[in-house]
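# Remarks on the overall topology
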Amino acid sequence: MLTLFYSPHATSVDNEARRASGYVDVPLSEAGLQQARLRGEQYAQEALDAVYSSDLQRAWRTSEIAFGERGLPLYRDARLREFDYGDMTQHPIEQIDEEIPRRIVEPFPNGESAVMVVQRMGTFLRDVLRDHDGKIIVVIGHRATRYGLLYWCGNTPLAEIVHAPWEWRDIPSGATNSIPTT
């Protein structure tokens, strides 16, 4: 069994501008840098074995700032990336929220679908379970990361996960979820 804590990355410059970054590698905002420091404090009492993050800087910088001083192994993994929104990259968040339910099987134009996201997340989870069985890890990611984790670590159909409202909010309020896997 693997115990996995999920947290979204801290606020990026695109989050503040209400744009959906997708694969665009945008930095954390000033508020996001402060949130990342607080994230480490949230986990201060947890006996963690490793931290994984998306290879996009808004996620890996969150993990470096939050956990870098603890001496934990920090891994970057492209399979934890946000959706590839393709032609809709950096469109307003409201447009992405409207479009996502139509992109469960059909990819965003020149991008990817929710099915594609959960497939890459499935390979990540198989590898991390093999490498960290019996351990406790943190995953810092995005909306797509969360969809994949909910799909593989629960019994909720993908369509239900995707159709559930995505709550955009400042971090760290209520940002941590523990997802036990077997």
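Keep in mind it's a predicted model, so treat the numbers as computed, not measured.

Basis of the calculations
- Residues numbered from 1 in each chain as written.
- Predicted model: local features only at pLDDT ≥ 70, side-chain atom pairs only at ≥ 80, totals over all residues.
- Heavy atoms only, no water.
- Helix = DSSP H or I, 4+ residues; strand = E, 2+ residues; numbered from the N terminus.
- Buried < 20%, exposed > 50% of the residue type's maximum accessible area, 1.4 Å probe, protein only.
- Expected span 1.5 Å × (residues − 1).
- Contact = heavy atoms within 4.5 Å.
- Phe/Tyr/Trp six-rings, centres within 6.5 Å; stacked < 30°, edge-to-face > 60°.
- Lys NZ or Arg CZ within 6 Å of the ring centre and 35° of its normal.
- Salt bridge = Lys/Arg side-chain N within 4 Å of Asp/Glu carboxyl O.

### Side note on the environment of Q95
- Counting through the fold element by element, Q95 comes out in helix α4 (residues 93-99).
- We classify Q95 as partly exposed; its relative accessible area is 35%.
- Put simply, Q95 and A20 are 75 residues apart on the chain and 8.9 Å apart in space, counted from C-alpha to C-alpha.

### Considering helix α2 (residues 30-42)
- An ideal rise of 1.5 Å per residue puts 18 Å on 13 residues; α2 measures up with 19 Å between its terminal C-alpha atoms.
- In this structure, the buried side of α2 is in contact with β1 (2-8), α3 (57-67) and β4 (136-141).

### Observations regarding the packing of aromatic side chains
- All chains considered together, the criterion is met by 9 aromatic pairs.
- For the ring pair Y43 and F67, a centre distance of 5.4 Å and an interplane angle of 55° mean the geometry is tilted. In this pair, Y43 sits in the loop between α2 and β2 (50-53) while F67 sits in helix α3, placing the two residues 24 residues apart along the sequence.
- Among the aromatic side chains, those forming a connected cluster through ring pairs are F83, Y85, F108 and Y147.
- Residue placement shows R81 over the ring face of Y23; its charged tip is 4.6 Å from the ring centre.
- When the ring centre of F108 is taken as reference, the NZ or CZ atom of R103 above it lies at 5.8 Å.

### Observations concerning the pattern of salt bridges
- Applying the stated rule across the entire model yields 14 salt bridges.
- Here R76 makes a salt bridge to E64, at a shortest N to O gap of 3.3 Å. Of this pair, R76 sits in strand β3 (residues 74-76) while E64 sits in helix α3, and the two are 12 residues apart along the sequence.
- Residues R79 and D77 are paired through a salt bridge, measuring 2.7 Å at the closest nitrogen-oxygen approach.
- One continuous salt-bridge network, built from bridges that share partners, spans D77, R79, D127, R130 and D131.

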